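# Survey of secondary and tertiary structure
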Amino acid sequence: MNELSDLLQPGAVVADLPVANKKGLFQQLGAIAERVLEVEGKLVIERLSERERLGSTGFGGGVAIPHGKIEGLTSVKAAFVRLEKPIDFQAIDDMPVDLVFMLLSPPDAGAEHLKALAQVSRRLRDRPFVAKLRGAVTTDALYALFASTETRDAA
């Protein structure tokens, strides 16, 4: 895995998703996972909720990276949603979240999972990149930002 685009499929990126709260978000992420990633939606909701009970995956600046390990996966998979309106996520800075990058990994993908988590975290701490995500008008534009080969991590 070299780029975030290796984890994302075009159908797993959604702009302006309407949700009222974290529970609704996880239900929508489960539906996306089932439809696009071919992972059982109910299982995704369970794993994301289990992880969230350990502590919020909202890491500040309006960004969250909910993640979980799913039996039956053979590689790390992801989805990205920009919410229509920010929701309370009990994030570390108490700011509501509007950008959500979900990571799903096989149970035995310890190092690969941590590498993906670190890469997503690094990219979503890049303020100019986050501003572009918030300014993108369409789902296609959001996907294009992740698929772009320009990375600041290469330096």
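We now turn to the structure provided with this report. Fair warning: this is a prediction, and the values are worked out from it, not measured in the lab.

### Digging into the packing of helix H1 (residues 22-37) against helix H2 (residues 41-54)
The interhelical angle for the contact between H1 and H2, taken along N-to-C directions, is 140°, at an axis separation of 8 Å. Regarding the angle of H1 to H2, the classification is oblique. Helix-helix and strand crossings are classified by hand; for H1 and H2 the assignment is right-handed. Residue-level contacts link Lys22, Phe26, Gln27, Leu29, Gly30, Ala33 and Glu34 of H1 to Gly41, Lys42, Val44, Ile45, Leu48, Ser49 and Glu52 of H2. Looking at the contact of H1 with H2, its residues break down into six nonpolar, four polar and four charged.

### Quick word on the pattern of salt bridges
Should the charged atoms of two oppositely charged side chains come close, the side chains can pair. Under the criterion given, the structure shown has seven salt bridges. Between Arg134 and Asp98 there is a salt bridge whose closest N-O contact spans 2.7 Å. Within this pair, whereas Arg134 is found in helix H4 (residues 127-135), its partner Asp98 is found in strand E6 (residues 97-105), the two being separated by 36 residues in sequence. A salt bridge links Arg123 to Asp126, with the nearest nitrogen and oxygen atoms 3.1 Å apart. Of the residues examined, Arg123 reaches a relative accessible area of 10% and is grouped as buried. Taken together, the shared-partner salt bridges connect Glu46, Arg47, Glu50 and Glu71 into one network.

### Notes on the packing of H4 against helix H5 (residues 139-147)
Across the interface, H4 lies against H5 with an axial gap of 9 Å and an inter-helix angle of 160°. Taken together, the axes of H4 and H5 are roughly antiparallel relative to one another. For the pair H4 and H5, contact is made by Phe129, Lys132 and Leu133 and by Leu142, Leu145 and Phe146, respectively. Residues of the contact of H4 with H5, tallied by class, amount to five nonpolar, no polar and one charged.

The rules behind the values
Residues numbered from 1 in each chain as written. Predicted model: local features only at pLDDT ≥ 70, side-chain atom pairs only at ≥ 80, totals over all residues. Heavy atoms only, no water. Axes fitted to C-alpha atoms, helices over the stretch in contact; angles between N-to-C directions. Helix = DSSP H or I, 4+ residues; strand = E, 2+ residues; numbered from the N terminus. Parallel < 35°, antiparallel > 145°, perpendicular 65-115°, else oblique. Left-handed = near helix turned anticlockwise from the far one by under 90°. Contact = heavy atoms within 4.5 Å. Nonpolar A, V, L, I, M, F, W, Y, C, P; charged D, E, K, R; others polar. Salt bridge = Lys/Arg side-chain N within 4 Å of Asp/Glu carboxyl O. Buried < 20%, exposed > 50% of the residue type's maximum accessible area, 1.4 Å probe, protein only.

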